[in-house]
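# Residue-level structural notes
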4 protein chains.
Amino acid sequence: MIKQINTATGRPRSIEADQAILRATLDLLAEVGYQSISIEAIAARAGVGKTTIYRRYTSKEEIVADAIESLREDLPIPNTGNFWEDVDILTDYAAQKIDSPLGRQTLALIISTASSNPQFAQVYKTKYLKLRREAFTQVLERAKSRGEIEKDADIDLIIDILSGAIYYAVVFKPVTESIQVYIRRTMRVLFQGVSTS
Amino acid sequence: MIKQINTATGRPRSIEADQAILRATLDLLAEVGYQSISIEAIAARAGVGKTTIYRRYTSKEEIVADAIESLREDLPIPNTGNFWEDVDILTDYAAQKIDSPLGRQTLALIISTASSNPQFAQVYKTKYLKLRREAFTQVLERAKSRGEIEKDADIDLIIDILSGAIYYAVVFKPVTESIQVYIRRTMRVLFQGVSTS
Amino acid sequence: MIKQINTATGRPRSIEADQAILRATLDLLAEVGYQSISIEAIAARAGVGKTTIYRRYTSKEEIVADAIESLREDLPIPNTGNFWEDVDILTDYAAQKIDSPLGRQTLALIISTASSNPQFAQVYKTKYLKLRREAFTQVLERAKSRGEIEKDADIDLIIDILSGAIYYAVVFKPVTESIQVYIRRTMRVLFQGVSTS
Amino acid sequence: MIKQINTATGRPRSIEADQAILRATLDLLAEVGYQSISIEAIAARAGVGKTTIYRRYTSKEEIVADAIESLREDLPIPNTGNFWEDVDILTDYAAQKIDSPLGRQTLALIISTASSNPQFAQVYKTKYLKLRREAFTQVLERAKSRGEIEKDADIDLIIDILSGAIYYAVVFKPVTESIQVYIRRTMRVLFQGVSTS
DNA sequence: TGCTAATCGAGACGGTACGTCAAGTCTTAAG
DNA sequence: CTTAAGACTTGACGTACCGTCTCGATTAGCA
């Protein structure tokens, strides 16, 4: 994310500044929300000059994306030998992130930003979603190789559909049932279909 | 949407101004995108004072929502006797709306606003989505009664999943294939499933 | 000096703002000096937005020039019947203007701007200096007709020399003696000369 | 001018850097003018780090003064035995420097800078004017000892008046007659006076 | 010959001010 | 009353330089 053309000469970038910027960004995100964040406010809060930020990032989206990425945790890829068990573990993990007021808000913020800001969407996709997709892809590939799902199934499409269902629920479904249950119902449709054939 | 406290006295609101504002907004939406639209630009383009806009709307979202609503048309419910043909007609119609810069902008705006504004989400759902959902519901119910899809299939869920897939694509998928093709692929998975059972 | 393209439409320029800007500029001139004045500081001090200033002026020089011009007063031409008394009145008046921090700042600014800007020099000469020259010219002419100075004396040259001496002192002489005394010493040389002939 | 606390140990100052700084400063002076010169630009043009400049100078004025001083030439002090002949030689020399577009511009630049910048004024006075004043002082002292001018004549004042007249002409007089003629006319007034006594 | 110490270029640092843009409000004359 | 025009205050934008600082890499003279 960060511009890095450094050729070993000159004073090196300050790691304290790096961290102060991310810290301030996260604080402000929680306090005033993405729309109302200003780069000036981040600089002031971080105790850093504006140039120090502009040297690292070119837009607010980049800063926020980097701040979010800095929270990323390792995502263990389940491998129980059974497809549905693997899926349960993954969806439990995802649901647990979303199924809280803060989780919903965060995701809503991301969707809001991404939908009105293609650059942020791409950054978020490659920086944050990639890992999750890879985990899911591996679980699905293993199921495929075990013969549990069809050989020509479009794994990317399946993940897209599932992701879409989750995001749609966060935005448009009132909070009646747990996300987890909703995801399971969706998965069942995806795998068994609804036609009578 | 428009504030209407007019009490019949004084000079009446100018209908030319109304239309010029909506026209200018749609033009600018297509040209520069939602984020980059400024109310000042709308006023200038419409040949209208800023006051004239602020007297009618309180935010950019409102103006844009009104501009978009002004484009709404009636939605015929297909009934060919064959499920896939009906689906084709519906998705063709939806795809045709989305598959243009303005269409994508519009949907993105709606998702953005809805995700950070639950009230708007509900209003949009009942005011704009209801018609489309009813059309789809009727097509699916007829298919069910013809025995083309399973009796206990959750129709609401299917529509949710399909909607989610479309919204997800608009936000996160680069514009490579046509939306129409993408919707068809999604429908196929939804109806046939991917498991080998 | 002020940009004036006003075409009678729209809200008229605020006279309060005009005056607040000039007032703040003069205050800051006296407090921090020309070099250290920032437009931001003028705006803050005047309780006015920066745009309100930029709508009126295009540079710091313009603002300061206008502020100074706003101080211009009428200049009475002395006529005591005695040359040296008249001269005393005129030089007292001039010295009184220069012998203060603001006065020196002002004159220094004018010299600075004029020396790097011939147009400003001419404008200043015709708009501001003319009155003073005319006063001095009249006093000298009367002295000539009374036979106090030589018939073929070059009055313009005398004024030039005196002006030059004052300006030179403002720029290069440290503030040791009062300007008034310095002017008197200069006048004595000018009128009596230094040769032994 | 240059700070020199060097105690023989460590790497000595680079003479190439010294010269590159002066060279770059003179180039930029001619290209963009004093006001628009930035130390960063000098450093870049000279191919030198900013530290290397700040180690030598403490302000832009100092650098520019030093750059100008580096152009200084020797000034021969005339001694013909006749006062007016000596004066002619000195004023010819001065006029010759000023009586060209470049000469006028340079002097205007100096006046402009000096008048809005007392530090520069003092530096310029001691570094550049001193020699010229000394030459003139000597010529006047010799005339005094020969009895050509009065014993109690204030030589410093005479030089101030003459300098002021020249500077005033450069700034405010249109370029009609040659500087040389103007200086001679001024000298005549200074030595013979204008009173009829 | 290796040590010490000041220099070099490069460039990042926290700041200040720049001049521009748009926000939403207010004020005029004209209809 | 509303209208178009254009003023107003506010606040953030991204840029340019300021003068200071930290790097790794040179260069001398002294040991």
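Look a little higher up for the structure.
Residues numbered from 1 in each chain as written. Chains lettered and ligands numbered in written order. Predicted model: local features only at pLDDT ≥ 70, side-chain atom pairs only at ≥ 80, totals over all residues. Heavy atoms only, no water.

## Thoughts on the protein's contact with DNA strand E
Rules: Nearness is defined per residue: one heavy atom within 4 Å of the molecule or strand is enough. In the analysis that follows, any N or O atom pair within 3.5 Å is treated as a polar contact, provided that within protein one partner can donate a hydrogen and the other can accept it, and provided that, for residues neighboring in sequence, both atoms belong to side chains. Here a strand is any run of E in DSSP of at least two residues, a helix any run of H or I of at least four, and the numbering for each starts at the N terminus. Each residue gets one label: Ala, Val, Leu, Ile, Met, Phe, Trp, Tyr, Cys and Pro are nonpolar, Asp, Glu, Lys and Arg are charged, and the others, such as Gly, are polar.
Not every one of the 42 residues close to DNA strand E is listed here, only the nearest: Arg55 of chain A, Tyr54 of chain B, Tyr54 of chain C together with Thr52 and Arg55 of chain D. Close to the protein, within 4 Å, the atoms of DNA strand E belong to sugar or phosphate groups at a rate of 66%. In this structure, a base oxygen belonging to DNA strand E sits 3.1 Å away from a side-chain N or O atom of Thr51 of chain A. Side-chain polar atom of Thr51 of chain D to a base nitrogen of DNA strand E: 2.9 Å apart, as the coordinates give it. Secondary structure elements with two or more residues in the surface near DNA strand E: helix H3 (50–54) of chain A, helix H2 (39–46) and helix H3 (50–54) of chain B, helix H2 (39–46) and helix H3 (50–54) of chain C together with helix H3 (50–54) of chain D. Looking at the surface near DNA strand E residue by residue, the classes come out as 9 nonpolar, 18 polar and 15 charged.

## Comments concerning the relation of the copies chain D and chain C
Condition: When the copies are overlaid, the least-squares fit takes in C-alpha atoms only where the residue has pLDDT of at least 70 in both copies. In what follows, residue pairs with any heavy atoms lying within 4.5 Å of each other are defined as contacts.
When chain D is fitted to chain C, the residual RMSD is 2.6 Å, and the transformation amounts to a turn of 177° plus an axial shift of 0.1 Å. Look at the turn and shift together and you get a two-fold axis relating the two. Judged by C-alpha distance, Gly193 of chain D is the residue of chain D that lies nearest the rotation axis, at 1.1 Å. A high fraction, 100%, of the interface residues of chain D reappear at the interface in chain C, so the copies pair face to face through one surface.

## Let's talk about the arrangement of the chains
One finds no contact between chain A and chain D; the C-alpha atoms of the two approach each other to within 10 Å at their closest. In this structure chain B stays clear of chain D, and the shortest span between their C-alpha atoms is 35 Å.

## Topic: helix H7 (residues 118–145) of chain B
All names here are of chain B. Test applied: Multiplying 1.5 Å by the residue count of a helix minus one yields the expected span of that helix. At every residue, the bend is computed as the angle between two fitted axes, covering the seven residues ending there and the seven beginning there respectively.
The terminal C-alpha atoms of H7, which comprises 28 residues, lie only 35 Å apart, well short of the 40 Å expected from a rise of 1.5 Å per residue. Helix geometry: H7 is bent most strongly at Leu129, by close to 60°. Just downstream of H7 lies Gly147, where phi reads positive at about 80°.

## Describing the interface of chain B and chain A
The condition that has to hold: Two parts placed together each lose some accessible area under a 1.4 Å probe, and adding up what both lose gives the buried area. A side-chain nitrogen of Lys or Arg and a carboxyl oxygen of Asp or Glu constitute a salt bridge if their distance falls within 4 Å.
Counting from both sides, the interface comprises 43 residues of chain B and, opposite them, 43 residues of chain A. Of all residues in chain B, the largest losses of buried area upon contact with chain A belong to Tyr168, Phe172 and Val194 of chain B, amounting jointly to 19% of the total for that side. Counting across the chain B and chain A interface gives 4 salt bridges. Summed over the shared surface of chain B and chain A, the result is 12 residue pairs in polar contact (both at pLDDT 80 or more). Per-element accounting of the side of chain B that touches chain A gives the leading share, 11 residues, to helix H8 (residues 155–172) of chain B. Taken together, the residues that form the side of chain B that touches chain A break down as 22 nonpolar, 13 polar and 8 charged.

## Observations regarding the packing of helix H1 (residues 15–32) of chain C against H2 of chain C
Residues and elements named next belong to chain C. We apply this condition: Here an angle of 0 to 180 degrees is reported between the N-to-C directions of two axes, which are lines fitted to C-alpha atoms, with helices fitted over the stretch in contact. When an angle is under 35 degrees it counts as roughly parallel; over 145 it counts as roughly antiparallel; between 65 and 115 it counts as roughly perpendicular; any other value is oblique. Less than a right angle of anticlockwise turn of the near helix away from the far helix marks a crossing as left-handed, whereas a clockwise turn marks it as right-handed.
Closest axis-to-axis distance for the H1/H2 pair is 8 Å, and the angle between their directions is 120°. Comparing the axis directions of H1 and H2 gives the class oblique. In this structure, H1 crosses over H2, and the sense of that crossing is right-handed. The segment H1 lies against H2, with Ala20, Ile21, Ala24, Thr25, Asp27, Leu28 and Glu31 engaging Ala41, Ile42, Arg45 and Ala46.

## Side note on the interface of chain D and chain C
Of the residues lining the interface, 42 residues belong to chain D; the matching set on chain C comes to 43 residues. Roughly 3900 Å² is buried in total at the junction of chain D and chain C, and carbon and sulfur atoms are behind 61% of that figure. Looking only at chain D, the three residues that lose the most surface to chain C are Tyr168, Phe172 and Val194 of chain D, adding up to 19% of its buried area. Our count for the chain D to chain C interface comes out at 4 salt bridges. The shortest N-O distance in the salt bridge between Lys173 of chain C and Asp160 of chain D comes to 2.7 Å. Going through the elements one at a time, helix H6 (101–115), helix H7 (118–145), helix H8 (155–172) and helix H9 (179–192) of chain D are the ones with two or more residues in the side of chain D that touches chain C. In terms of residue count, H8 of chain D provides more of the side of chain D that touches chain C than any other element does, 11 residues in total. Among the residues forming the side of chain D that touches chain C, the class breakdown is 22 nonpolar, 12 polar and 8 charged.

## What about the protein's contact with DNA strand F?
If you check the shell around DNA strand F, you find 42 residues, and the closest are Tyr54 of chain A, Thr52 and Arg55 of chain B together with Thr52 and Arg55 of chain C. Counting only the atoms of DNA strand F that lie within 4 Å of the protein, the sugar and phosphate share comes to 64%. A distance of 3.3 Å separates a phosphate oxygen of DNA strand F from a polar backbone atom of Gly49 of chain C. Going through the elements one at a time, helix H2 (39–46) and H3 of chain A, H3 of chain B, H3 of chain C together with helix H2 (39–46) and H3 of chain D are the ones with two or more residues in the surface near DNA strand F. Its residues assigned to classes, the surface near DNA strand F shows 7 nonpolar, 20 polar and 15 charged.

## Topic: the packing of aromatic side chains
The cut-off we apply is this: Pairing of aromatic side chains requires ring centres within 6.5 Å, counting the rings of Phe and Tyr and the six-membered ring of Trp. Pairs whose planes differ by under 30 degrees are stacked, by over 60 edge-to-face, and all others tilted. To sit over a ring, a charge needs its Lys NZ or Arg CZ within 6 Å of the ring centre and within 35 degrees of the ring normal.
Going through the model one piece at a time under the given rule, you end up with 28 aromatic pairs over all chains. Aromatic pair Tyr168 of chain D and Phe172 of chain D: ring centres 5.1 Å apart, planes at 40°, arrangement tilted. You can see Tyr168 of chain D and its partner Phe172 of chain D sitting in helix H8, 4 residues apart, about one turn around the helix. Following the ring pairs from residue to residue traces out a cluster consisting of Tyr124 and Tyr167 of chain A together with Tyr168 and Phe172 of chain B. The side chain of Lys60 of chain A reaches across the aromatic face of Tyr34 of chain A, ending 4.8 Å from its centre.

## Concerning the environment of Ser163 of chain A
Residues and elements named next belong to chain A. Test applied: Think of it in three bands: with a 1.4 Å probe and only protein chains considered, a residue is buried below 20% of the maximum accessible area for its type, exposed above 50%, and partly exposed in between.
If you trace the backbone, Ser163 turns up in helix H8 (residues 155–172). On the basis of relative accessible area, Ser163 is assigned to the buried category, the value being 14%. The spacing of Ser163 and Ile183 is 20 residues in sequence and 9.6 Å in space, taken between C-alpha atoms.

## Considerations on the pattern of salt bridges
Between side chains of opposite charge, a pair can form as their charged atoms come close. A complete count under the given rule lists 52 salt bridges over all chains for this structure. For Arg56 of chain D, the salt bridge goes to Asp18 of chain D, with nearest N and O atoms at 2.4 Å. With a gap of 38 residues between them, Arg56 of chain D in the loop between H3 and helix H4 (60–69) and Asp18 of chain D in helix H1 (residues 15–32) connect regions that are remote in the sequence. Several salt bridges share partner residues, and in doing so they unite Arg23, Asp27, Glu31 and Arg45 of chain A into one network.

## Considering H8 of chain B
All names here are of chain B. Across its 18 residues, H8 extends 26 Å between first and last C-alpha, which sits within 8% of the 26 Å expected from 1.5 Å per residue. Judged by how many residues are buried, H8 sits mostly within the fold: 17 of 18 residues are covered. At the N-terminal end of H8, a side-chain oxygen is found 3.2 Å from the backbone nitrogen of Asp156, two or three residues along, and the residue is Asp154.

## Focus: the side chain of Ser112 of chain C
Among the secondary structure elements, Ser112 of chain C is positioned in helix H6 (residues 101–115). Beyond its immediate stretch of four places on either side in the chain, Ser112 of chain C contacts Ser112, Ser115 and Ser116 of chain D.

## Points about the side chain of Thr25 of chain C
Residues and elements named next belong to chain C. Structurally, the position occupied by Thr25 is in helix H1. Judged by relative accessible area, which is 0%, Thr25 ranks as buried. A distance of 2.7 Å separates a polar side-chain atom of Thr25 from the backbone oxygen of Ile21. When neighbours within four sequence positions are excluded, Thr25 is seen to be in contact with Ile37, Ile42, Ile63, Val64 and Ala67.

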